[in-house]
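# Breakdown of the fold
Take a look at the letters that make up each chain.
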Amino acid sequence: MQVIETRSEGLKRELKVVIPAADMEARMVERLEDVKGKVRINGFRPGKVPFAHMKKMYGKSVMAELVNELVRDKPSEILSERGEKSATQPEIAMTEDEAQAEKILAAQADFEFTLNYEVIPSIELKDVSGISVTREVVEIDEKEVEEQILKIAENARTFEDKDGAAENGDRVTIDYLGKLDGEPFDGGKDEDAELVLGSNRFIPGFEEQLVGLKAGDEKVITVTFPADYPAANLAGKDATFDIKVKTVAAPGAVEINDELATKLGLESADKLREVVRGQIEGQFGQITRQKVKRQLLDQLDALYSFETPERLVDAEFENIWRQINTDLEQAGKTFADEDTTEEEARAEYRKLAERRVRLGLVLSEIGEKAEIQVSDEEMQRSLFEQLRQFPGQERQIIDYFQKTPGAAASLRAPIFEEKVVDHLLGQIKVTDKTVSKDELTAEDEADDKPKKKAGKKKAESEAAAPVEAAAEEAPAPKKRATKKKAAEDDAAAE
Amino acid sequence: MTDLRHYDVILSPSITEKSTMVSEHNQVVFNVAKDASKPEIKAAIEALFGVKVTAVNTLLRKGKTKRFRGFVGRQRDQKKAIVTLADGQTIDVSTGL
């Protein structure tokens, strides 16, 4: 086997691998010898098939198998021999010529293929002890806890049926049938719908017109759908609703006491306070961590500068670009609205992609050096978290993760990253600082802008920075939201 | 054009352990039609493969009696021809016509 380097520019490598026909033939013969005792061909006793005949019958398929195996195994073998790591799966090119391929299979021609890949640059780990970050901690005051509890209490309040007119805050049970120009439309019909007046769950004007109705009343109301209503056929239209009120119920008083706590499945009001406090702390804790991580990454980014493999950057860029484009499309905006042009935005996100790839490489290198491992248990936990977000589809999701090799990696990556960050936080200076809630959330925004502004025109950065922040931090707020919701659900369920 | 009858005379090459053994003596074995005569086989082989045939030996293998689920059946009879080629001439039986 011969390996010839045909190109070596920067991080790009192109290798030509030649395996002589004689070698291929020898391998094939070896293969055939192996199966000789096993094949059964009519007219021959097992093991008595002449070699020439076997070669004629199985030679080609054995050869094809050989070629596949070589193409599968050789690249990694060659790479490890050269002591290089490929950033992506190496690209393999073989002859396209049908006749040539035929010859290779007949072991008459040398088997050649080319490998195209980019190496991961070797990273020299730098001393991180110079990095220092400020951890902002929020003192949670009692008032906030009370507020949160009040919200929970409101959700859990009881309603009691009453005679008399419905007032704001009352809950009515109604049947309704919506009509557009006298024709019922899809989704405009419901029976026994429970609606708390003043909760603004329905379109504007709907709830207001129900005030004053009594149980058993019927009424036709006219409302106008808002212009930005999601269903296009209804947006901005006038519709009538035939309403039949079944019951009217007045809300019970909202009190924070042990009774409320028991209803939520906790022993006492104090316990409830504790739980709610824990939830709020968790939320702020995540913001805090996010900020610390951001500081850390910024400083790491400043510390390291090396060439990044183009293909990784390309892939990352494509990801971001797709995300941005769908975001823009959903918002119904163009780049012009964001005060930038497509080219400028491209350059902008290209830089971002490069930064991410570089940081990713640095983090993985640090993690490898520190021998950070992701245990199966942690993988399981994160898998279950995924499952929780899609109730009812657990089966498909588990299947997906088992069948798609990349999917497991996508679960593993964030865990690994967090662990590396933890590891780094142990090595660097961390100063605690107590801040108020507003400061914590406000500075979050301010943090992004100066960093992104560096060396760029003002118009660009203003448009790009918030988007960048959104893109990079997208997982976090989403998680926060779901967590919060889940927590509330939990509380309610308990 | 060669006579189409030739294609009916020669049915298939017989590729077996024994046939590979006789191939060392410059002989080739064919399954042939049951009613084919030696001169017919010689003419067919010479015309189809473009070789010179020095001798043809034939044999008629009688079909075996086999029972399947208690019913008696009989396998087909099969005529074979062992064709001796002139020195230096070969037929590659595995490539087919």
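The residue count restarts for each chain, going from 1 along the sequence in the order it is written. Starting at A for chains and at 1 for ligands, labels are handed out in the order in which the entities are written. Local features in this predicted model are restricted to residues whose pLDDT is 70 or higher, and side-chain atom pairs enter the listing and the counts only when it is 80 or higher, whereas totals over whole chains, interfaces and linings include all residues. In computing side-chain values, all of the structure's heavy atoms are included and hydrogens and water are not.

Under an unreviewed UniProt entry, the name given to chain B is Large ribosomal subunit protein uL23, and the organism recorded is Xaviernesmea oryzae. UniProt positions are given in the numbering used here, feature names are shortened, and annotations may be inferred rather than shown by experiment. We quote the UniProt Sequence similarities (unreviewed entry) comment for chain B here in full: "Belongs to the universal ribosomal protein uL23 family." Checking UniProt for chain B, the heading Function (unreviewed entry) contains the comment "One of the early assembly proteins it binds 23S rRNA. One of the proteins that surrounds the polypeptide exit tunnel on the outside of the ribosome. Forms the main docking site for trigger factor binding to the ribosome."

Identification of chain A as Trigger factor from Xaviernesmea oryzae is taken from an unreviewed UniProt entry. The heading Sequence similarities (unreviewed entry) in the UniProt record of chain A holds the text "Belongs to the FKBP-type PPIase family. Tig subfamily." Taken verbatim from the UniProt record of chain A, the Function (unreviewed entry) comment is "Involved in protein export. Acts as a chaperone by maintaining the newly synthesized protein in an open conformation. Functions as a peptidyl-prolyl cis-trans isomerase."

What follows is about the overall build of chain B. We count a stretch as a helix when DSSP gives it H or I for four or more residues in a row; a strand needs E for two or more, and each element gets its number in order from the N terminus. On a plain count of helices and strands, chain B comes out with 3 helices and 6 strands. For chain B, the sequential pattern of α-helices and β-strands runs α-β-α-β-α-β-β-β-β. Contacts between residues were defined by any pair of non-hydrogen atoms, one from each residue, lying within 4.5 Å. Counting contacts in chain B only where the partners sit at least 6 residues apart, residues at least 24 apart contribute 59% of the total. All accessibility values rest on the Shrake-Rupley procedure with a 1.4 Å probe; residue burial counts only the protein chains present in the view. Put simply, chain B shows about 6500 Å² of open surface, and 53% of that area lies on carbon and sulfur atoms.

On a plain count of helices and strands, chain A comes out with 14 helices and 11 strands. Taking contacts inside chain A between residues at least 6 apart in sequence as the whole, the part at least 24 apart equals 71%. Only carbon and sulfur atoms are counted for the fraction: they give 48% of the accessible area of chain A, which is about 28900 Å².

Next up on the list: the interface of chain B and chain A. How large an interface is tends to be reported as the accessible area lost when its parts come together. Taken together, the contact between chain B and chain A spans 6 residues of the former and 8 residues of the latter. Two parts placed together each lose some accessible area under a 1.4 Å probe, and the buried area is that loss summed for both. Taken together, both faces of the contact between chain B and chain A bury some 550 Å²; the carbon and sulfur share is 56%. Any carboxyl oxygen of Asp or Glu within 4 Å of a side-chain nitrogen of Lys or Arg constitutes a salt bridge here. The tally of links from chain B across to chain A stands at 1 salt bridge. A salt bridge links Glu17(B) to Arg45(A); the nearest nitrogen and oxygen atoms lie 2.7 Å apart. N or O atoms within 3.5 Å of each other form a polar contact, as long as, within protein, one can give a hydrogen and the other can take it, and as long as residues adjacent in sequence are counted only when both atoms are side-chain atoms. Summed over the shared surface of chain B and chain A, the result is 2 residue pairs in polar contact (both at pLDDT 80 or more). As a working rule, the residues Ala, Val, Leu, Ile, Met, Phe, Trp, Tyr, Cys and Pro are called nonpolar, Asp, Glu, Lys and Arg charged, and the rest polar, with Gly in that last group. Considered class by class, the residues forming the side of chain B that touches chain A number 1 nonpolar, 3 polar and 2 charged.

What follows covers the packing of helix α9 (residues 376–389) of chain A against helix α10 (residues 394–403) of chain A. Residue and element names in this part refer to chain A. Helix axes are fitted to C-alpha atoms over the stretch in contact, other axes to C-alpha atoms as well, and angles between N-to-C directions run from 0 to 180 degrees. At a minimum axis distance of 9 Å, the contact between α9 and α10 shows a crossing angle of 140°. Taken together, α9 and α10 sit at an angle that is classed as oblique. Every pair of crossing elements has a handedness; the one defined by α9 and α10 is right-handed. Residues Leu383, Gln386 and Leu387 of α9 touch α10, and the partners they reach there are Glu394, Ile397, Ile398 and Phe401. Roughly parallel refers to an angle under 35 degrees, roughly antiparallel to one over 145, roughly perpendicular to one between 65 and 115, and oblique to any angle outside these ranges. Each crossing gets its hand from how the near helix is turned against the far one by less than a right angle, where anticlockwise is left-handed and clockwise is right-handed.

A few words now on the nonpolar core. Across soluble globular proteins, nonpolar side chains have a tendency to be buried as a group. Residues and elements named next belong to chain A. For our purposes a nonpolar core is just a set of buried Ala, Val, Leu, Ile, Met, Phe, Trp, Tyr and Cys residues, chained together by side-chain atoms within 4.5 Å. Summary of the burial criterion: residues with accessible area below 20% of their type's maximum are buried, those above 50% are exposed, and those between are partly exposed, where the area comes from a 1.4 Å probe applied to protein chains only. Among the nonpolar cores identified, the biggest contains 40 residues, and Val133, Leu296, Leu300, Tyr349, Val420, Leu424 and Leu425 are the most heavily contacted of them. Among all residues touching Leu425, those that are not within four sequence positions of it are Val133, Arg289, Val292, Leu296 and Val430. Core analysis: the second largest hydrophobic core is formed by 27 residues, Met63, Leu70, Ile104 and Leu115 among them.

All names here are of chain A. Here the structure, examined in full by the defined rule, presents 7 salt bridges over all chains. Note that Arg31 is salt-bridged to Glu69, the shortest N-O span being 2.7 Å. Of this pair, Arg31 sits in helix α1 (residues 21–36) while Glu69 sits in helix α2 (residues 51–82), and the two are 38 residues apart along the sequence. Judged by its relative accessible area of 25%, Arg31 falls in the partly exposed class.

Our next topic: the packing of helix α7 (residues 310–331) of chain A against helix α8 (residues 342–369) of chain A. Residues and elements named next belong to chain A. It is at 8 Å that the axes of α7 and α8 come closest, and there the two elements cross at 125°. One finds that α7 runs oblique with respect to α8. For the crossing formed where α7 meets α8, the hand is right-handed. Where α7 abuts α8, its residues Glu310, Leu312, Val313, Asp314, Glu316, Phe317, Ile320, Trp321 and Ile324 lie against Glu342, Ala345, Arg346, Tyr349, Arg350, Leu352, Ala353, Glu354, Arg356, Val357 and Leu361. Along the lines of polarity and charge, the residues of the contact of α7 with α8 split into 12 nonpolar, no polar and 8 charged.

As a further point, take unusual backbone geometry. Residue and element names in this part refer to chain B. Notably, Asn26 is not glycine yet its phi reads approximately 60°, a positive angle. Take Asn26: it is sitting in the loop between α2 (17–22) and β2 (27–32). Using a relative accessible area of 19% as the deciding quantity, one classes Asn26 as buried. Phi at Arg69 is positive, roughly 55°, even though this residue is not glycine. When you line up the elements, Arg69 lands in the loop between β4 (65–68) and β5 (71–74).

Another point: the packing of aromatic side chains. Where two aromatic rings form a pair, the distance of their centres and the angle of their planes describe that pair. All names here are of chain A. In summary, the pairing rule links any two rings of Phe, Tyr or Trp, Trp by its six-membered ring, whose centres are within 6.5 Å, and it sorts them by plane angle into stacked for under 30 degrees, edge-to-face for over 60 and tilted for everything else. Under the definition given, this model contains 3 aromatic pairs over all chains. With centroids separated by 5.6 Å and ring planes inclined at 20°, the aromatic side chains of Phe317 and Trp321 adopt a geometry described as stacked. In this pair, Phe317 and Trp321 are both assigned in helix α7, 4 residues apart and thus about one turn of the helix distant. Accessibility classification places Phe317 together with Trp321 in one group, the buried group.

Confidence of the predictor at the level of single residues is given by pLDDT, which spans 0 to 100. In this model, chain B carries an average pLDDT of 87, and 94% of its residues clear a pLDDT of 70 or more. Among the prediction metrics, the complex's ipTM stands at 0.73, with pTM recorded as 0.48.

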